[in-house]
Amino acid sequence: MKIKQCFLFLSITLLAATSYAQMHTDQKNLPALIQVATGNTLVLETRAEGQITYECSKEKDPLTTYKWTMAGPKAELSSRSGEKIGDYSGPPARWAHKDGSFVTGSQVAVSPNGSKNIPLQLVKADVAGGQGALTGVSYVQRVNTQGGVAPAKKCSADNDGEKAEVSYKAEYRFWKAN
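Next up on the list: the pattern of salt bridges. Counted by the stated rule, this structure contains seven salt bridges. We note a salt bridge from arginine 80 to glutamate 171, for which the minimum N-O separation is 3.1 Å. Here glutamate 171 lies in strand β8 (residues 163-177) and arginine 80 lies in the loop between β2 (66-78) and β3 (84-89), a separation of 91 residues in the sequence. Glutamate 171 sits in the buried class, given a relative accessible area of 13%. When the shortest N-O distance is used, the salt bridge between lysine 153 and glutamate 162 registers 2.7 Å. It is possible to trace a salt-bridge network through shared partners that takes in Glu45, Arg80, Glu171 and Arg173.

Spelled out as structure tokens, the structure:
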């Protein structure tokens, strides 16, 4: 009886682990625009929680229009278990791991994620340096975004230059070329 219970427990554990791995590495569930190119392997997944700073400023065209524009993000990166492992900031977009490795990148594509969430995003690495977890990263994906959209408060000549911080959460996935 105990052997059957052990076998059942191991089978369920293996199935759950396989499902978890597929859920997090399966590109099919993501919009095509932000899927990472074939020939890359997922090497690190992090959770991010922080703020995005927006600034009310005049548009270039037409000059009479004002808009909240992103001034930059600042977030803490953590492992799935909740341990702080790094930081994210910008511009330019920069992810830094506590082991001293880092990656900076440029946006390739975005895909909407509802009106109350910043879009999903694919970033191509420009520079990946240091020796550690982020060394050699080729792409970074932002998925499972929550919040972070520009303030609902009116932006006009009356509050030109005003800054506002908005909270957000996301997951960042780091990929390396095979």
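There is more to say after this.
This part takes up the sheet that holds β8. With antiparallel pairing, the eight strands of this closed barrel are ordered in space as β1-β2-β3-β4-β5-β6-β7-β8. Taken over all neighbouring pairs, the strand axes of this sheet differ in orientation by 30° on average, direction set aside. With eight bridges joining them, strand β7 (residues 137-147) and β8 adopt antiparallel strand pairing. For glutamine 141, the partnering residue across the bridge sits in β8 and is arginine 173.

Pairing of strand β4 (residues 93-97) with strand β5 (residues 102-111), which is carried by four bridges, proceeds in the antiparallel orientation. In the sheet register, arginine 94 faces β5, and the bridge partner there is threonine 104. Where β4 folds back on β5, the antiparallel hairpin that results is connected by four residues, among which glycine 100 adopts a positive phi of roughly 100°. With nine bridges joining them, β5 and strand β6 (residues 120-129) adopt antiparallel strand pairing. The partner of glutamine 107 across the bridge, within β6, is valine 123.

Another point: the nonpolar core. Ranked by size, the top nonpolar core spans 26 residues in total, and within it Tyr88, Trp95, Val103, Val140, Tyr168, Tyr172 and Phe174 carry the most contacts. Among the elements that take part in this core, β8 stands out by supplying six residues, more than any other. Excluding its chain neighbours within four sequence positions, the residues that come into contact with valine 103 are Ala93, Arg94, Trp95, Ala125, Val127, Ala128, Leu134, Val137, Val140 and Phe174. Core analysis: the second largest hydrophobic core is formed by nine residues, Leu30, Leu42, Leu120 and Leu122 among them.

We now examine the confidence of the model for the protein. Here the protein averages 88 in pLDDT, while 86% of its residues score no lower than 70. Confidence over residues 4-24 falls short of pLDDT 50; this stretch has nine contacts with residues more than four positions distant or in other chains.

The final tally for this structure, using the stated rule, is one disulfide. A sulfur-sulfur separation of 2.1 Å characterises the disulfide bridge that pairs cysteine 56 with cysteine 155. Taking the sign of the S-S torsion, about 100° here, the bridge from cysteine 56 to cysteine 155 comes out right-handed. Taken together, the residues span a long stretch of sequence, with cysteine 56 in strand β1 (residues 40-58) and cysteine 155 in the loop between β7 and β8 at a distance of 99 residues. On the basis of relative accessibility, which here comes to 0%, the residue cysteine 56 falls in the buried class.

Now for the packing of aromatic side chains. Taken as a whole and assessed by the stated rule, the structure comprises four aromatic pairs. Residues tryptophan 95 and tyrosine 172 carry aromatic rings whose centres are separated by 5.7 Å and whose planes lie at 65° to one another, so their mutual orientation is edge-to-face. Here the residue tryptophan 95 occupies a position in strand β4, and tyrosine 172 occupies one in strand β8, the gap between them amounting to 77 residues. An identical accessibility class is assigned to tryptophan 95 and tyrosine 172; each is buried. Ring centres of tryptophan 95 and phenylalanine 174 lie 6.2 Å apart, and the angle between their planes is 85°; on these two criteria the pair is classed as edge-to-face. One end of the pair, tryptophan 95, is in strand β4; the other, phenylalanine 174, is in strand β8, and 79 residues separate them in sequence.

Analysis parameters
- Every residue gets a number counted from 1 within its own chain, in the order that chain's sequence is written.
- Where local features are concerned, this predicted model is filtered to residues with pLDDT of at least 70; where side-chain atom pairs are given and counted, the filter is 80 or more; whole-chain, interface and lining totals use all residues.
- Excluding hydrogens and water, the side-chain figures rest on all heavy atoms present in the structure.
- The term salt bridge refers to a pairing of a side-chain nitrogen on Lys or Arg with a carboxyl oxygen on Asp or Glu at a separation within 4 Å.
- Runs of E in the DSSP output that reach at least two residues are strands. Runs of H or I that reach at least four are helices, and both are numbered from the N terminus.
- Classification of residues uses two cut-offs on accessible area relative to the type maximum, computed with a 1.4 Å probe and protein chains only: under 20% is buried, over 50% is exposed, and between them is partly exposed.
- Two strands are said to pair when DSSP picks up at least two bridges between them.
- For helices, the fitted line uses only the C-alpha atoms of the stretch in contact; every axis is such a line through C-alpha atoms, and the angle between N-to-C directions lies from 0 to 180 degrees.
- For our purposes a nonpolar core is just a set of buried Ala, Val, Leu, Ile, Met, Phe, Trp, Tyr and Cys residues, chained together by side-chain atoms within 4.5 Å.
- By definition in these notes, contact holds between two residues if any of their heavy atoms fall within 4.5 Å.
- Values of pLDDT, the confidence the predictor places in each residue, fall between 0 and 100.
- Throughout, a disulfide means two cysteine sulfur atoms within 2.5 Å of one another.
- Paired rings are identified among Phe, Tyr and Trp, the last through its six-membered ring, by centres lying within 6.5 Å, and are further divided according to the angle between planes into stacked (under 30 degrees), edge-to-face (over 60) and tilted (the rest).

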